[in-house]
Amino acid sequence: MEELTFEGVPLGELTAPPGPLPAQRATRPSAVQPGSAPVPVPPTALAATMAEQLQRAHAAVLDAHRAISAWQLARTAPLTGTTDILRTNGAHPTGDGPAPLTRQEVYDGTAAVLGTAAGALPGDGTGAIEVTWCSTVPDGPTTLDARPAPGSGGTPLPARWHIRDGDRVIAVVTRHPQAPPWPRRPVPRYPRDPRPLARTPVERLCAAELDALIAGEFATVFGVPFDQRGLSPEELPAPWPARLLTEVTAIEPRGGAYAQGLLRATAHLPAQEGTAAAWPRLIATASELLRVYAFHRGFHLCLPGARTTPLTDRPALVELLDTPAPQQAELHLEMEVTELGMVPRPFLIGDCRITVGGQLVACLRDLGVTLRERPGADLAFGLEREGCRRSTAGRWAVCSELVPAVAAEGNYRAHTLHDVPDLHGTAQIRPRLPRGDMLMLDRCRQAEIGAWLEYRPGSWLVSEHDVPEDPWYVRESGGALPQLALMEIALQPPGIFSGLLGVLGEYPDQDLTCRNLDGTARLLREVDPRGATVEQHTTLTSHTALPGGLIHRYDFTLSTGGEPFYTGTAVHGYFTPELLAQQQGLDGGRLVPPWLDRCPPPPAQLRRLDLRDDTRLGHGRMALLEDAILVPDGGEYGTGYLLCTKPVRPDDWYFEQHFFQDPVMPGSAGVQMLYQAVHAYALHTGLVDHLLPHPHFALAVGEEVRWTYRGQILREHQQVRGEVHIREVRREGEAVRLLADGSVWRDDLRIYQVDNIAVQVTST
């Protein structure tokens, strides 16, 4: 084995701290000298030696692969925006093969702009500096200049400067008076759940791993979900500039007051710079930390040729304290991500504290970066072409996460559809997906469709939704999977499917809204989708044109691991305002009151309940019940009855998320309210006392629920009322199954009917 002289680092030590190799730390059996008696080698020592040599061989192969990949990238990547590529044995490849590549020097346009600003801005570098980016930074070397901004105070020391590339203003830099103090972004009542485009267990990054990211080895560092093999070089992320960070010591996706991410890292000041003169480097270093987090979240996977640039039109502040720091001091960065999102392109905003030796030297506020596609990239929407995003199933998806994000809250006018003439009219309200935590569709994997506006029955779409590991709707429902979530996961794909079949081009000069009208659903098996990818299969079964709208019917199936668990049908209507106004409720416009209001005098066993603080029913956004009246033997079936009432508040959480520019209470929230009413009936009549203190409420497997909507609940309405009639109570061992029918009223008009609400109660 001694003749194997592979070079490299053992596989197990690729990310270990620097130190002697195992071969240097352990004593190998000495070689047998000529004429001496053979020395037996213990089997364990031989096995260890072989394992070591195999590790070294693997490391050598990995190093060779990296060198060849880097050489190929250097040969195929455009040279615009880069300096000469440095190689160890010459400036160019020789005829003998690729020359070893050390790294590609990438022009850092952000650093160049900030350096130009630092040379122009008066002062000693302390105090507060405000930076507003106005356009994208240059990709390659260019002549930058700083000019006093109009009205900035004039010469010789203007306070406000424009950093320009020719006639283009790239950034505005000014001294900030610090009075009034820079406003801190308010913490949302319900921070968004982290929604990475790809999942990784990586929680810290050493210098070698940061270098691997610079080399484009995202899958090597973060894992298989980040694999982009098969894309052309121009579709891969653009090379990163030289590394400024020493290491990233912590990545906490739910960390910080905003629950959007908390990052910690270290870096060093150059020998000739102190913190007072280094504010451009501090911005660049903190921006690099945001870039690392953006790629850790997988944001680059939805953009061809993804590259990071400062976020425009959002002022950022750098506060430099008069705290001395030694040259080459180690900087400690703590970045609290305050906001992240997908439109118009993936972006992150954060606040960063920088300390040296435990002392605060700088604060950066509202620092933002965004990812952009390569110049000239085609981002047209459609279902006909595969893009640069790989689906969970391994094939290239026809729509990345960017498409549902735009459908939820983006500007439709900024996008086009494949091979479709201009479809953008003057209407402001168009069919939308929910946004924020209510968006439960990630990407479209494949589709079979007809021509634009054909709406061919039998057309189908397969889409995917990555369920978070701890989704809000489970967390706020006591660990149970609510009907609300399953309905949204099932009913959102039909909306985007019809839009991309042609609905987005209908009635371009009239507002057009999407409303679910009817549906059925059946849970086929018990399922816990947390942390899994749900496959959504949608088939268009019919198309009906109406004066002022159209109606589509669908079949849907949800699956995990290739096995269906939820199936049903749905009817969506797409209505102009005139057609939508014709909805008159479920009773032809008649005001039919709830059962309890139709049976005077009140039943003797009537009980009034305050359910606001009963967290067994739900808390946070899932707390849908307030005042209730329970009649143990009441209702249409004489088996039990509950009527619940809650006011409509303009700031109810769902109006902000459902929908953008068209706020309306989700029908699924009304259905969930009725399910919770059944839960409350079971809890407050003693039916599940034997399962206390922790009863578990779940959807009953095998039962089909049916719903009909003929009205909507808007901010302007006064109250929502819901009633359930218990139809049957079954005992199956310790488990209890309740079957009920229910209705929902908007003020005095009955607008929802839900039949066969089936709940299974067991012990947790």
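Above: the structure in question.
All values derive from a computational prediction rather than experimental measurement.

A. Structural detail: the overall build of the protein chain. Helix and strand counts for the protein chain stand at 12 helices and 27 strands. When the 764 residues of the protein chain are sorted by exposure, 53% land in the buried category. Looking at the protein chain alone, contacts between residues at least 24 apart form 72% of all its contacts between residues at least 6 apart. With an accessible surface of roughly 33100 Å², the protein chain has 53% of that area assigned to carbon and sulfur atoms.

B. Broad picture of the packing of aromatic side chains. In this structure the tally under the stated criterion is 11 aromatic pairs. Between Trp 240 and Phe 295, the aromatic rings sit 4.9 Å apart at their centres with planes inclined by 75°, giving edge-to-face as the arrangement. Taken as a pair, Trp 240 in the loop between helix H5 (218–222) and strand E7 (245–252) and Phe 295 in helix H6 (residues 279–296) lie far apart in primary sequence, 55 residues in all. Classification of Trp 240 by relative accessible area gives buried; the value is 4%. Judged by its relative accessible area of 1%, Phe 295 falls in the buried class. Between Arg 291 and the ring centre of Trp 240, over which it is positioned, the NZ or CZ distance is 4.6 Å. Over the ring of Trp 396 we find Arg 390; its NZ or CZ atom is 4.1 Å from the centre of that ring.

C. Unusual backbone geometry, seen in detail. The residue after Val 343, namely Pro 344, is reached through a cis peptide bond having omega 0°. Here Pro 344 shows up in the loop between strand E11 (330–341) and strand E12 (347–356). Cis geometry marks the peptide bond from Leu 692 to Pro 693; its omega dihedral reads 15°. Summarising the element assignment, Pro 693 is placed in the loop between helix H12 (667–684) and strand E23 (695–699). In this model, Tyr 507 sits at a positive phi of 45°, which is unusual for a non-glycine residue. The class of Tyr 507 is partly exposed, set by a relative accessible area of 24%.

D. Local environment of the pairing of strand E18 (residues 549–560). With 9 of 12 residues buried, E18 is to be regarded as a mostly interior element. Taken together, the 11 bridges between strand E17 (residues 533–546) and E18 define a ladder with antiparallel strand orientation. Counted as the bridge partner of Ser 542 is Arg 553 from E18. What sits between E17 and E18 in their antiparallel hairpin is a turn of 2 residues, with Gly 548 showing a positive phi close to 90°. Examined bridge by bridge, E18 and strand E19 (residues 563–575) share 12 bridges and lie antiparallel to one another. In the strand pairing of E19, Thr 557 is matched with Thr 567. Where E18 hands over to E19, the hairpin turn is made up of 2 residues, of which Gly 561 adopts a positive phi near 60°.

E. Spatial organisation of the pattern of salt bridges. Throughout the structure, instances matching the rule amount to 52 salt bridges. When the shortest N-O distance is used, the salt bridge between Asp 614 and Arg 616 registers 2.9 Å. Residue class for Asp 614 comes out buried when judged on its relative accessible area of 10%. One salt-bridge network, in which partners are shared between bridges, spans Arg 389, Glu 401, Arg 443, Arg 445, Glu 464, Asp 466 and Glu 535.

F. Looking closely at H6. Look at H6: 26 Å from first C-alpha to last across 18 residues, which is about the 26 Å you get at 1.5 Å a residue. Of all the 18 residues making up H6, 17 are buried; the element is thus mostly covered by neighbouring parts of the structure. Remark: Gly 298 follows H6 within two positions and exhibits a positive phi of approximately 80°.

G. Summary view of the packing of helix H9 (residues 483–501) against H12. Put simply, H9 and H12 touch, their axes get as near as 8 Å, and they point 155° apart. The angle between H9 and H12 places the two elements in the roughly antiparallel class. Relative to H12, the crossing made by H9 is right-handed. Between H9 and H12, the residues in contact are Gln 483, Leu 484, Met 487 and Glu 488 and Ser 668, Ala 669, Val 671, Gln 672 and Tyr 675, respectively. When its residues are assigned to classes, the contact of H9 with H12 shows 5 nonpolar, 3 polar and 1 charged.

H. A look at H12. Between its terminal C-alpha atoms H12 stretches 26 Å, which fits the 26 Å expected from 18 residues at 1.5 Å a residue. Summarising burial for H12: 17 of the 18 residues are buried, a large majority. Positive backbone phi, approximately 85°, marks Gly 686, located one or two places after H12.

I. Broad picture of the nonpolar core. Core analysis: the largest hydrophobic core is formed by 176 residues, its most contacted members being Leu 205, Trp 279, Tyr 473, Tyr 566 and Leu 642. The next biggest cluster of nonpolar side chains, apart from the first, holds 7 residues, and it includes Trp 595, Ile 629, Val 631 and Leu 643.

J. Here's a closer look at the packing of helix H3 (residues 109–120) against H6. It is the contact of H3 with H6, at a shortest axis distance of 9 Å, that shows an interaxial angle of 155°. By the angle between their directions, the pair H3 and H6 is classed as roughly antiparallel. At the point where H3 passes H6, the crossing takes the right-handed sense. On the side of H3, the interface is formed by Leu 114, Gly 115, Ala 117 and Ala 118, while H6 contributes Trp 279, Pro 280, Ile 283 and Ala 284.

K. Quick peek at the pairing of strand E21 (residues 627–631). With 4 of 5 residues buried, E21 lies mostly within the body of the structure. As defined by bridge partners, strand E20 (residues 607–610) adjoins E21 across 4 bridges and the pair is classed as antiparallel. The partner of Arg 608 across the bridge, within E21, is Ile 629. Note: E21 against strand E22 (residues 641–647), 5 bridges, orientation antiparallel.

Quick notes on the rules
Residues numbered from 1 in each chain as written. Predicted model: local features only at pLDDT ≥ 70, side-chain atom pairs only at ≥ 80, totals over all residues. Heavy atoms only, no water. Helix = DSSP H or I, 4+ residues; strand = E, 2+ residues; numbered from the N terminus. Buried < 20%, exposed > 50% of the residue type's maximum accessible area, 1.4 Å probe, protein only. Contact = heavy atoms within 4.5 Å. Areas by Shrake-Rupley, 256 points an atom, 1.4 Å probe, with all protein chains shown as cover. Phe/Tyr/Trp six-rings, centres within 6.5 Å; stacked < 30°, edge-to-face > 60°. Lys NZ or Arg CZ within 6 Å of the ring centre and 35° of its normal. Pairing = 2+ DSSP bridges. Salt bridge = Lys/Arg side-chain N within 4 Å of Asp/Glu carboxyl O. Expected span 1.5 Å × (residues − 1). Axes fitted to C-alpha atoms, helices over the stretch in contact; angles between N-to-C directions. Parallel < 35°, antiparallel > 145°, perpendicular 65-115°, else oblique. Left-handed = near helix turned anticlockwise from the far one by under 90°. Nonpolar A, V, L, I, M, F, W, Y, C, P; charged D, E, K, R; others polar. Core = buried A, V, L, I, M, F, W, Y, C linked by side-chain atoms within 4.5 Å.

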